Amino acid sequence: MHDDAIRCIEYSEDRKAVVTGSWDTTIRVWDPRIPGTSVGTFPADDQVFTMSLKEELLVAGTHGRKIIAWDIRNMSIPLQQRDSLLKYQTRCLRVFPNKQGYVLGSIEGRVAVEYLDPNPEIQKKKYAFKCHRLREGGIECIYPVNAISFHEEESTFATGGSDGFVNIWDGFNKKRLCQFHRYPAGIASLAFNPTGNILAIACSYLSELDEPPNPTPEDAIFIRNLSDQETKPK
């Protein structure tokens, strides 16, 4: 087992394997048919905070703002290692449906859209933008981006923050498509269904405030049906 907390879990349908990333600075691959047995342990060089697997491509974000990409079929040598485009700690990351890049969110209310191809012309497409920020009492409050989920068919994506809001973005045309009503607590996790017409939204108080609310909001999961207008690029 890992020697510290497991922060993220992915499942490889192709390899029928579970992949876990931990604060013990390793990524481990497990065969679920052999309980408790790791079939591979690979160094991430720092605490693993987030991870995303799309077919053979595994991308992880670590404590030191490092982004590491592997081919899960051969994890002895990473495909790439780079620094995050964002200046503050990485909170979440998801690979594009076409595997050409990834979207990542930070604790400082920003999202970055980055590409894996090192070609300078491709790298010109990368960018970052501010989100999940509210002006309250004349002060701009900046909230972490905790969750990202891609619509597999449209390649639009949803972000959820500790501000309790969910936004859906057309990242390739740099537009926000919609924002849902404010949920009763921070957004802890998001997941589209395979066809993209349903979004599961998990809310949980994540100790992001100096003074905890009283009463503390209960953990909850909301299921939202989506229209094409909310998810299709414009």
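Bear in mind that the values here come from a model prediction, so they are computed numbers and not experimental data. (Residues numbered from 1 in each chain as written. Predicted model: local features only at pLDDT ≥ 70, side-chain atom pairs only at ≥ 80, totals over all residues. Heavy atoms only, no water.)

Here the largest pocket defines a volume of roughly 890 Å³. Lining the largest pocket are 35 residues, with Glu10, Met51, Arg94, Ile148 and Leu190 sitting closest to its centre. (1 Å grid on protein atoms, 1.4 Å probe; cavity = no way out; pocket = protein on both sides within 12 Å on 5 of 7 lines; lining within 4 Å. Points joined across faces, edges and corners; volume = space filled by probe spheres on them.)

In this section: the sheet that holds strand E21 (residues 220-225). One open sheet holds the 3 strands; their spatial order is E19-E20-E21, and the pairing between them is antiparallel. This sheet does not close on itself; its edge strands, each paired only once, are strand E19 (187-192) and E21. On average, each strand axis in the sheet is inclined to that of its neighbour by 20°, with strand direction left out of account. The pairing of strand E20 (residues 198-203) with E21 spans 6 bridges and is classified as antiparallel. Residue Ile198 lies in a different strand from E21, and its bridge partner there is Asn225. (Pairing = 2+ DSSP bridges. Helix = DSSP H or I, 4+ residues; strand = E, 2+ residues; numbered from the N terminus. Axes fitted to C-alpha atoms, helices over the stretch in contact; angles between N-to-C directions.)

It is worth spelling out the environment of Tyr205 at this point. Among the secondary structure elements, Tyr205 is positioned in the loop between E20 and E21. A C-alpha to C-alpha distance of 20 Å links Tyr205 and Ile6, two positions 199 residues apart in sequence. In contact with Tyr205, not counting residues within four places along its chain, are Ala185, Pro212, Pro213, Thr216, Pro217 and Asp219. (Contact = heavy atoms within 4.5 Å.)

Bringing the pairing of strand E11 (residues 110-115) into the picture now. The two faces of a sheet get side chains in turn, since along a regular strand they alternate between them. Counting buried positions along E11 gives 5 out of 6 residues, so the element sits mostly inside the fold. Inspection of the sheet shows strand E10 (residues 101-106) paired to E11 by 5 bridges, in the antiparallel sense. Within E11, the residue paired with Gly105 across the bridge is Val111. Hairpin remark: E10 followed by E11, antiparallel, with 3 residues in the connecting loop; positive phi at Gly109, about 60°. In this sheet, strand E12 (residues 127-130) lies alongside E11 in antiparallel orientation, the contact comprising 4 bridges. Bridge pairing in E12 links Arg110 to Lys130. (Buried < 20%, exposed > 50% of the residue type's maximum accessible area, 1.4 Å probe, protein only.)

We now examine the side chain of His132. Positionally, His132 belongs in the loop between E12 and strand E13 (133-136). Separated by 2.9 Å, the side chains of His132 and Thr159 make a polar contact. Here His132 is in contact with Cys141, Ile142, Tyr143, Val145, Thr159, Gly160, Gly161, Asp163, Phe165 and Asn167, once residues within four sequence places are set aside. (Polar contact = N/O pair within 3.5 Å; in protein donor to acceptor, adjacent residues only side chain to side chain.)

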